[in-house]
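# Coordinates in review
What follows is the residue order along each chain.
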Amino acid sequence: MVNSRVEASAVAVTGGGSSGRSCAGCGGRIADRFLLFSMERYWHTRCLKCSCCHAQLGEIGTTCYSKGGMILCKNDYIRLFGHSGACSACGQSIPASEMVMRAQGNVYHLKCFTCATCRNRLVPGDRFHYVNGTIFCEHDRPGGALLRSHMTPLQGNGMMPDQKVC
């Protein structure tokens, strides 16, 4: 499934390893007192890790996310795919292998990261302005004509409300 959310919960196993289960992560026999059950498979607590930050998921919560073959903690899932795993402009799912653009915590398909006025696509290196949840290119910034004559080159001091695509 492309955009599946998977719950992981810790399961206590008594008997100290008489379960005979194999770990989905390392393939080894699980002889530990505690193990995790997630995505219909069993894991050593040390083997169920976030594919990005490598945090042991059993230690940081009871929820993990699976998308595109990756197992992710909540923070990395949101960082990579937004809150819903969908593009903030079109609402369609974003495949795990697809490059994305990000602005103010929102995630966009490359083709959807466009100026609201001229509809030109913004690419890495382009300056843009994020005003009340809407993306504008440098040329179409609301109120830009009034400010343009007074603007100095950006110094990256964090005081200007515009942004640069990374």
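Residues numbered from 1 in each chain as written. Predicted model: local features only at pLDDT ≥ 70, side-chain atom pairs only at ≥ 80, totals over all residues. Heavy atoms only, no water.

## A few points about the overall build of the protein
Our working rule: Only DSSP runs of H or I with at least four residues qualify as helices, and only runs of E with at least two residues qualify as strands; both kinds are numbered from the N terminus onward. Burial here depends on accessible area, computed with a 1.4 Å probe over protein chains only, as a share of the maximum for the residue type. Under 20% is buried, over 50% is exposed, and the range in between is partly exposed. Any two residues whose heavy atoms approach within 4.5 Å are treated as being in contact. Working definition of accessibility: Shrake-Rupley area with a 1.4 Å probe, residue cover restricted to the visible protein chains.
Within the protein, the secondary structure is distributed over three helices and ten strands. Going from the N terminus to the C terminus, the protein shows its helices and strands as β-β-β-α-β-β-α-β-β-β-β-α-β. Here the protein, with 166 residues, has 33% of them falling under the buried criterion. Within the protein, residue pairs in contact and separated by at least 24 positions form 31% of the contacts whose partners lie at least 6 positions apart. By element, 52% of the accessible surface of the protein is carried by carbon and sulfur atoms, the whole surface being about 10000 Å².

## Some remarks on unusual backbone geometry
In the Ramachandran plot, E40 falls in the positive-phi region, its phi being about 65° despite a non-glycine side chain. Notably, N132 is not glycine yet its phi reads approximately 50°, a positive angle. Mapped onto the elements, N132 comes out in the loop between β8 (127–131) and β9 (134–137).

## Topic: the pattern of salt bridges
The line we're drawing: The salt bridge definition used is simple: a Lys or Arg side-chain nitrogen within 4 Å of an Asp or Glu carboxyl oxygen.
In this structure the tally under the stated criterion is one salt bridge. For D32, the salt bridge identified is with R46, shortest N-O distance 3.2 Å. Pair noted here: D32 is in the loop between β1 (4–12) and β2 (34–38) and R46 is in the loop between β3 (41–44) and α1 (57–60), with a separation of 14 residues, a long-range link. The class of R46 is partly exposed, set by a relative accessible area of 42%.

## Notes on the packing of aromatic side chains
Rule in force here: Pairing of aromatic rings covers Phe, Tyr and Trp, the last through its six-membered ring, and needs centres within 6.5 Å; plane angles under 30 degrees mean stacked, over 60 mean edge-to-face, and all others mean tilted. Both a distance and an angle decide whether a charge sits over a ring: NZ of Lys or CZ of Arg must be within 6 Å of the ring centre and within 35 degrees of the ring normal.
Taken as a whole and assessed by the stated rule, the structure comprises four aromatic pairs. An angle of 65° between the planes, with centres 5.3 Å apart, marks the rings of Y108 and F113 as edge-to-face. Ring centres of F113 and F128 lie 5.3 Å apart, and the angle between their planes is 80°; this geometry places the pair in the edge-to-face category. Linking F113 in the loop between β7 (106–109) and β8 with F128 in strand β8, this pair joins segments that are 15 residues apart in sequence. Here the two residues F113 and F128 agree in accessibility, since each one is buried. Counting every residue linked through ring pairs, the aromatic cluster contains Y108, F113 and F128. Above the ring of Y42, the side-chain terminus of R21 is found at 4.2 Å from the ring centroid.

## Some points on the confidence of the model for the protein
Defined as follows: Known as pLDDT, the predictor's per-residue confidence is scaled from 0 to 100.
Residue-level pLDDT values for the protein average 74, and 73% of them are 70 or greater. At the low end of the mean pLDDT range in the protein sits β1, at 34; at the high end sits β9, at 92. Contacts of residues 1–16 to residues separated by more than four positions or lying in other chains number 43 contacts, the stretch itself having pLDDT below 50.

## So, the side chain of D76
Cut-off, in case you're wondering: Pairs of N or O atoms within 3.5 Å make up the polar contacts considered here, provided that, within protein, one atom can donate a hydrogen while the other can accept it, and that residues adjacent in sequence are counted only when both atoms are side-chain atoms.
The residue D76 is located in helix α2 (residues 74–81) in this model. By relative accessible area, D76 is classed as buried at 9%. From its side chain, D76 meets the backbone nitrogen of C53 in a polar contact 3.3 Å long.

## Comments concerning the nonpolar core
Counted only if it meets this: Working definition of a nonpolar core: buried Ala, Val, Leu, Ile, Met, Phe, Trp, Tyr and Cys residues. They are joined through side-chain atoms within 4.5 Å.
Grouped together as the largest cluster of nonpolar side chains are 16 residues, with contacts concentrated most on A103, Y108, F113, L122, F128, Y130 and I135. Secondary structure elements with two or more residues in this core: β6 (100–103), β7, β8 and β9. Those residues in contact with A103 that sit more than four places away from it in its chain are Y108, F113, F128 and Y130. The next biggest cluster of nonpolar side chains, apart from the first, holds 14 residues, and it includes L48, Y65, C73 and L80.

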